[in-house]
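Structural characterization, general
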Amino acid sequence: MTFAMIGTWRMAYEGLSKGMELMKNGGNSNDAVETAIKEVEDYPFFKSVGYGGLPNANGLVEMDSAFMDGDTFAVGAVAGISDIKNPISVSRKLSGEHFNSFLVGQGASEYAVLNDFERKGMLTARAKKIWEKRKREIEEKNLSPYDGHDTVGMVSLDSKGSMAVGTSTSGLFMKKPGRTGDSALVGDGFYCDSEIGGAAATGLGEDIMKGCLCYEIVRLMGTGLTPQEACDQAVYPFVEKLKKRYGKVGEFSLVALNNKGEWGVATNVEFTFAAGDNEHAPKIMMANPGENGTTVIEPITQEWLDAYEKRIKAPID
């Protein structure tokens, strides 16, 4: 039977590959999502997720995460958690709670410690240097403090037909303490129904959460649309509506997977993602907004990948 997985950004690839291997060997979708996202959280050069994530205005790495079981609709989430190694694992644990399943700030961190999750200082020396550099730029050049808000989102389908979705992010760089975006909010940053499919979002949370887009994509797939049709119909009209009525719009990128293993993507910026299934090895692709509310998807070149690796590991002045 079919199994498949899709994840946001180039950073999803290695984790997604591990999640796919797990399902290939009979593992379930819940474990695949947690395994995949932990891989991203643990890698210090991805500066918008987990260890190495960029801090808030006070220099603290506050992280948001969520997990949803598509069979049961069980949801667990944390927002503003700090000094905990793998927020996605805390979120999954919380999804087993009927009450108190979404915790924030100190309460989320205390819950993680009481339940024996590993504590870890998440601010790396590299991320601190980036933060210090941006502080100087704000003071000397009057630049905007906000730069970067990429969430890793994973949607999986296992060979038994069960689906799951998860998200993790350190949020908006230089955000005000306590700020959260869409990533931990069910229906906005993620949604999953094993009888239909799942979706995950990345981009500017303050704008994404205005549209409940992940729920809308899953709803549209439930009417018979393919994941690509659902992504296009949910995202592009709302982007235009937001431009018209709010006056501006941030970055939007969403991925979706249905219960047949078919996937879709919609974005208003250049956006990389990873996907694979039981017949196709995981690969990284590039999506761009096309004409008339459509998405253009192209393969990634080796030159692009080489430049990406060089860029994320470049020395910080």
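Residues numbered from 1 in each chain as written. Predicted model: local features only at pLDDT ≥ 70, side-chain atom pairs only at ≥ 80, totals over all residues. Heavy atoms only, no water.

Section: the sheet that holds strand β12 (residues 280-289)
Pairing in this open sheet of nine strands is mixed, and the strands run β4-β3-β2-β6-β5-β1-β11-β12-β13 from one edge to the other. The strands lining the two open edges of the sheet, one partner per strand, are β4 (102-104) and β13 (295-299). Averaged over all pairs of adjacent strands, the angle between strand axes in this sheet comes to 15 degrees, irrespective of strand direction. Against the sheet, helix α1 (residues 13-24) contacts β1 (4-8), β5 (152-157), β11 (271-277) and β12, and its axis sits at roughly 165 degrees relative to β1. The sheet strands contacting helix α2 (residues 29-42) are β1, β2 (63-69), β5 and β6 (163-169), and the helix crosses β6 at an angle near 20 degrees. (Pairing = 2+ DSSP bridges. Helix = DSSP H or I, 4+ residues; strand = E, 2+ residues; numbered from the N terminus. Axes fitted to C-alpha atoms, helices over the stretch in contact; angles between N-to-C directions. Contact = heavy atoms within 4.5 Å.)

Re the environment of Ser 144
Among the secondary structure elements, Ser 144 is positioned in the loop between α5 (125-141) and β5. For Ser 144, a relative accessible area of 42% gives the class partly exposed. Spatially, the C-alpha atoms of Ser 144 and Val 75 are 35 Å apart, while their sequence positions differ by 69 residues. (Buried < 20%, exposed > 50% of the residue type's maximum accessible area, 1.4 Å probe, protein only.)

With respect to unusual backbone geometry
Of note in this structure, Trp 9 is not a glycine but carries a positive phi near 70 degrees. Inspection of the secondary structure assignment puts Trp 9 in the loop between β1 and α1.

A short note on the state of the cysteines
Applying the stated rule across the entire model yields zero disulfides. Of the cysteine sulfurs around Cys 214, a residue in no disulfide, the closest is that of Cys 231, at 8.7 Å. (Disulfide = S-S within 2.5 Å.)

Things to note about α2
A rise of 1.5 Å per residue sets the reference length of α2, with its 14 residues, at 20 Å; its end C-alpha atoms lie 20 Å apart and thus fit the reference within 8%. Listing the buried residues of α2 in full gives Ser 29, Asn 30, Ala 32, Val 33, Glu 34, Ala 36, Ile 37, Val 40 and Glu 41. Packing partners of the buried residues in α2 comprise β1, α1, β2, α3 (87-94), β5 and β6. Here α2 starts with a cap whose side-chain oxygen sits 3.1 Å from the backbone nitrogen of Asn 30, and that cap is Asn 28. (Expected span 1.5 Å × (residues − 1). Polar contact = N/O pair within 3.5 Å; in protein donor to acceptor, adjacent residues only side chain to side chain.)

A short note on the packing of aromatic side chains
The description of an aromatic ring pair uses the distance of the two centres, along with the angle that the planes make with each other. Per the counting criterion, the structure on display carries eight aromatic pairs. When the ring of Tyr 43 is compared with that of Phe 45, the centres are 5.7 Å apart and the planes differ by 55 degrees; the resulting orientation is tilted. Exposure remark for Tyr 43: the relative accessible area of 26% places this residue in the partly exposed category. Between Trp 263 and Phe 273 the ring centres are 5.2 Å apart and the planes differ by 65 degrees, which places this aromatic pair in the edge-to-face class. With Trp 263 in strand β10 (residues 263-267) and Phe 273 in strand β11, the pair connects residues that are ten residues apart, well separated along the chain. (Phe/Tyr/Trp six-rings, centres within 6.5 Å; stacked < 30°, edge-to-face > 60°.)

Digging into the nonpolar core
Grouped together as the largest cluster of nonpolar side chains are 66 residues, with contacts concentrated most on Met 5, Met 154, Ile 217 and Phe 273. Counting residues in hydrophobic clusters, the runner-up holds 13 residues, among them Val 61, Val 90, Leu 103 and Tyr 111. (Core = buried A, V, L, I, M, F, W, Y, C linked by side-chain atoms within 4.5 Å.)

Looking at the sheet that holds strand β9 (residues 252-258)
Spatially, β7-β8-β9-β10 is the arrangement adopted by the four strands of the open sheet, whose pairing is antiparallel. Unpaired on one side and paired on the other, β7 (190-193) and β10 mark the two borders of the sheet. This sheet shows a mean twist of 10 degrees between the axes of neighbouring strands, independent of strand direction. Sheet analysis places β7 next to strand β8 (residues 197-203), joined by four bridges and oriented antiparallel.

Examining the pattern of salt bridges
This structure, assessed with the given rule, holds twelve salt bridges. Put simply, Glu 34 and Arg 92 hold a salt bridge, and the shortest N to O gap is 2.7 Å. Of this pair, Glu 34 sits in helix α2 while Arg 92 sits in helix α3, and the two are 58 residues apart along the sequence. Given the relative accessible area of 15%, Glu 34 is considered buried. A relative accessible area of 23% means that Arg 92 is categorised as partly exposed. (Salt bridge = Lys/Arg side-chain N within 4 Å of Asp/Glu carboxyl O.)

Considerations on empty space enclosed by the protein
Here the idea is plain: a probe the size of a water molecule rolls over the atoms and shows the empty space left. Across all of its chains, the model carries two cavities of 30 Å³ or more by this definition. Here the largest cavity is characterised by a volume of approximately 60 Å³. In terms of lining, the largest cavity is formed by Asp 64, His 149, Thr 151, Thr 169, Gly 171, Arg 179, Gly 181, Asp 182, Ser 183, Gly 203 and Gly 205. Of the residues in the lining of the largest cavity, the class split is no nonpolar, eight polar and three charged. As for the second largest cavity, its lining consists of Pro 44, Phe 45, Lys 47, Gly 52, Thr 124, Arg 126, Ala 127 and Ile 130. (1 Å grid on protein atoms, 1.4 Å probe; cavity = no way out; pocket = protein on both sides within 12 Å on 5 of 7 lines; lining within 4 Å. Points joined across faces, edges and corners; volume = space filled by probe spheres on them. Nonpolar A, V, L, I, M, F, W, Y, C, P; charged D, E, K, R; others polar.)

Examining the pairing of β13
Consecutive residues of a regular strand have side chains that alternate between opposite faces of the sheet. Of the strand pairs in this sheet, β12 and β13 are connected by five bridges, and their pairing is antiparallel. Bridged to Ala 287 within β13 is Ile 297. Two successive antiparallel strands, β12 and β13, enclose a turn made up of five residues, where Asn 292 displays a positive phi of approximately 55 degrees.

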